[in-house]
Amino acid sequence: MITSFFPGRVRLRAPVFKDAELVSKARSILLKSEAVKNIEHNPVTGSVLIEYNVAKVPMQKLIPMQAFFEKLALEAQNYDGTNRQKISDMLDELEGIF
């Protein structure tokens, strides 16, 4: 799922990123964080580039969420449309955290 990473930029690729509505929902949640600078989405390739401010990433908040992100990543990687609602529900849960 992570195809490239270095501090301040991470590129993700998964079938779920071809679903514009789910990406839009996730994008609106992430952009609420002052750490996220920009999100570029390519629905053709199913990839997302997230640019963020390294100094503003709240690691103390992210580390306890590791299990949640692992479950979300598994659903995203195995996206086939049948798990669309489950991913949407997980995004709702993420919004409550952010």
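Our subject is the structure listed above.
Residues numbered from 1 in each chain as written. Predicted model: local features only at pLDDT ≥ 70, side-chain atom pairs only at ≥ 80, totals over all residues. Heavy atoms only, no water.

A. A look at the environment of Ala-55. In this fold, Ala-55 is placed in the loop between strand E4 (47–52) and helix H2 (59–62). A relative accessible area of 73% places Ala-55 in the exposed class. Separated by 36 residues in the primary sequence, Ala-55 and Asp-19 place their C-alpha atoms 31 Å from one another. (Helix = DSSP H or I, 4+ residues; strand = E, 2+ residues; numbered from the N terminus. Buried < 20%, exposed > 50% of the residue type's maximum accessible area, 1.4 Å probe, protein only.)

B. The arrangement of helix H3 (residues 66–77) in detail. When the terminal C-alpha atoms of H3 are compared, their 16 Å separation across 12 residues agrees well with the 16 Å that a helix rising 1.5 Å per residue should span. Every buried residue belonging to H3 is among Phe-68, Leu-72, Glu-75 and Ala-76, and all of these are buried. One side of H3 carries all its buried residues, which in axial view fall inside an arc of 100°. Those residues of H3 that are buried are in contact with helix H4 (84–97). (Expected span 1.5 Å × (residues − 1). Arc of directions from axis to C-beta. Contact = heavy atoms within 4.5 Å.)

C. Here's a closer look at the sheet that holds E4. Read from one edge of the open sheet, 4 strands run E1-E2-E4-E3, paired in antiparallel fashion. What marks the edges here is a single partner per strand, and that holds for strand E1 (2–6) and strand E3 (36–42). Taken pair by pair, the neighbouring strands of this sheet meet at an average axis angle of 10°, ignoring direction. For E3 and E4, the ladder comprises 6 bridges, and the chain directions are antiparallel. The partner of His-41 across the bridge, within E4, is Val-48. (Pairing = 2+ DSSP bridges. Axes fitted to C-alpha atoms, helices over the stretch in contact; angles between N-to-C directions.)

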